[in-house]
Every structure is written in C-alpha cells, then in structure tokens.
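Summary of structural features
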Amino acid sequence: MKPERVPPTDDLLASIPYFAGLDDLTRRSIARSAQARRYAAEQVVFLEGEPSAGLCVVASGWLKAIKLSHDGREHILDLLGPGDVFNAIGVFAADTNPATVIALEPAQVWMFPRELMRRLLETQPALAHAVIEDLAGRVLHLITMVEDLSLRTVEARLARLLLEQTASAITDTVPRQRWATQAEMASRLGTVPDVVNRALRSLSQAGCIHVERHQIQIIDRAALLNKAKPSF
C-alpha cells in the first residue's frame, strides 16, 4: 500500500498523549515523517511477528488487535478507535509486531517510523514519560485480562466489559457498531458466540440490562457490578 504524504495537523499531534508534551518544532518534524495509510474493512494492517515499521495512531475508523491460536481461534486483545496509539511495544520494546491488527471498518492510520521514535525517546523526556506511562497501562490491561480469564465466568466478564464501556459515558447505553457481532464479542471475552448469547440472556432476565439490536442499555448498574465480581 502506497502511503499518503499529507502531514497530520499540529492540533492532531498535540491531542495525542505521546506528543502533547513536545515543543512545536519537534512536532513539526514528526508530522513531516508521518505516513497516512488507509484500510478497507477486514484488511490486515500488519501481522504478528513481522518487523515493526513504526508507531501507529488511529485517525479514523476502528481496528482490532488480536492473537491467533494454532487452530485459528482468535482472541481480541484490544479495540482501537480514533486517537488510540498502538504498536508501542513493537517500536520501543521489541523488533517485531507483538500482535496482528485488522481493520473492522474503513480506517485511516498514521504511521511514525520506528527509527525516528527511538531517536526521540533518547532526547525528549516528555515522550519518554508518556511511553513509560502508556506501557505501564498496557501491562495493567493484560493483568486484568488474565484475571478475567482465570477468575471470572463469561457472564462476569461480559458484565465487567459493559460497565467498562460506559464508565466515562454520559448515558448507561452501549452502542453496538455494525461490526460488533456476538462473534467479535466472544473473541474479546475469550469464548464462543453461543456462550455470549446465553450470558446476555441471563443478564437480561436478571434485570441488569436490556438488549436491543443496535445497543445494550444498563438497567441496574449495582446489580451488574455484583455480577461482574470474580469467582473465588
């Protein structure tokens, strides 16, 4: 895919935590190096194990970062939307991409070359601080994922996911994107669609949620919090 050479605006770079603390001159240098890449739905952005080309930022659209088992089963590590940074581990902690990333819908991604980002890390304390903070957050995310898979039932994992998705929202409604099928949800929860369907019905029958075609509404947050507790 031939990258586009129209640089991102300074306002866009300043809104990204990695670049927010940098001076204008440094941000302009980063902007000149950026490559805009467009992807169709279901197109692979990069594959796990490939050499890491650079740090990526979602400009528009949604993507998923996944791990595949030997038998082809997919587990979603994260969903990536506008403004999200990804592949930091491949840039700063390894030489290869740690996961496969696939577009869920038409998307545009800014890619910042690995060599540039590593040089800036040595000279820009604000960037180094942002990278450390971000990688620490990713470690905590993975710890939570391990806890989910080890200590929570699928119903509890689903309840926690719904609470997480509405934690900073104005309403208790979780919109369902066109690509947010039960298969995608199952991949994110580490199970299969039939089990997710049963968990949704169970939470609905318990009066915790109301499921509609394009959204899930939380009816009783306290009850859902109780359902989300790990099993010991």
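Just so you know, these numbers come straight off a predicted model, no measurement behind them.

**Description of the packing of helix H5 (residues 114-123) against helix H6 (residues 125-151)**
With their axes 6 Å apart at the nearest point, H5 and H6 run at an angle of 110° to one another. Relative to H6, the element H5 lies roughly perpendicular. Contact residues: H5 offers Met117, Leu120, Leu121 and Thr123, while H6 offers Pro125, Leu127, Ala128 and Val131.

**Overview of the sheet that holds strand S4 (residues 63-68)**
Spatial strand order, S2-S7-S4-S5: four strands in an open sheet with antiparallel pairing. Each edge of the open sheet is held by one strand with a lone partner, namely strand S2 (44-46) and strand S5 (74-80). Averaged over all adjacent pairs, the angle separating strand axes in this sheet is 35°, with direction ignored. Pairing of S2 with strand S7 (residues 100-103), which is carried by two bridges, proceeds in the antiparallel orientation. Considered in S7, the bridge of Phe46 is made with Val101. Strands in contact with helix H8 (residues 182-189) are S4 and S5; relative to S5, the strand with the most contacts, it is inclined by about 100°.

**Notes on the pairing of S5**
Pairing of S4 with S5, which is carried by six bridges, proceeds in the antiparallel orientation. Looking at S5, one finds that Lys67 is bridged to His75. With antiparallel pairing between neighbouring strands as the criterion, S4 and S5 make up a hairpin whose turn holds five residues, including Gly72 at a positive phi of roughly 90°.

**Describing the nonpolar core**
Membership of the largest hydrophobic core comes to 23 residues, with the highest contact counts inside it found for Tyr18, Phe19, Ile30, Leu55, Phe92, Phe112 and Met117. Those elements that place two or more of their residues in this core are helix H2 (17-20), helix H3 (24-33), strand S3 (54-60), helix H4 (88-92), strand S8 (107-113), H5 and H6. Apart from residues lying up to four places away in sequence, Met117 is in contact with Phe19, Leu55, Val91, Phe92, Phe112 and Leu127. Membership of the second largest hydrophobic core comes to 20 residues, among which are Leu158, Leu163, Ala186 and Leu203.

**Remarks on the packing of aromatic side chains**
Going through the model one piece at a time under the given rule, you end up with four aromatic pairs. For the pair Tyr18 and Phe92, a centre-to-centre distance of 6.4 Å together with 50° between the ring planes defines the contact as tilted. Of the two residues, Tyr18 sits in helix H2 while Phe92 sits in helix H4, which places them 74 residues apart along the sequence. Ring geometry for Phe19 versus Phe112: centroids 5.2 Å apart, planes at 65°, classification edge-to-face. Pair noted here: Phe19 is in helix H2 and Phe112 is in strand S8, with a separation of 93 residues, a long-range link. Grouping residues by exposure puts Phe19 and Phe112 together as buried.

**Observations regarding the environment of Lys227**
Its location among the elements puts Lys227 in helix H10 (residues 221-227). Linking Lys227 and Ala88, residues 139 residues apart in sequence, is a C-alpha distance of 34 Å. Discounting chain neighbours no more than four positions away, the residues touching Lys227 are Glu155, Ala156, Ala159, Leu203, Ala206 and Cys208.

**A closer look at the pattern of salt bridges**
Taken as a whole and assessed by the stated rule, the structure comprises 13 salt bridges. A salt bridge links Glu147 to Arg152; the nearest nitrogen and oxygen atoms lie 3.0 Å apart. With relative accessibility at 32%, the residue Glu147 sits in the partly exposed group. Put simply, Arg152 and Asp148 hold a salt bridge, and the shortest N to O gap is 2.8 Å. The class for Arg152 is buried, based on a relative accessible area of 12%. One connected set of salt bridges, linked through shared partners, spans Glu147, Asp148, Arg152, Arg160 and Glu164.

Parameters and conventions
Residues numbered from 1 in each chain as written. Predicted model: local features only at pLDDT ≥ 70, side-chain atom pairs only at ≥ 80, totals over all residues. Heavy atoms only, no water. Axes fitted to C-alpha atoms, helices over the stretch in contact; angles between N-to-C directions. Helix = DSSP H or I, 4+ residues; strand = E, 2+ residues; numbered from the N terminus. Parallel < 35°, antiparallel > 145°, perpendicular 65-115°, else oblique. Contact = heavy atoms within 4.5 Å. Pairing = 2+ DSSP bridges. Core = buried A, V, L, I, M, F, W, Y, C linked by side-chain atoms within 4.5 Å. Buried < 20%, exposed > 50% of the residue type's maximum accessible area, 1.4 Å probe, protein only. Phe/Tyr/Trp six-rings, centres within 6.5 Å; stacked < 30°, edge-to-face > 60°. Salt bridge = Lys/Arg side-chain N within 4 Å of Asp/Glu carboxyl O.

Take it as geometry only, folks, not as evidence of what the structure does.
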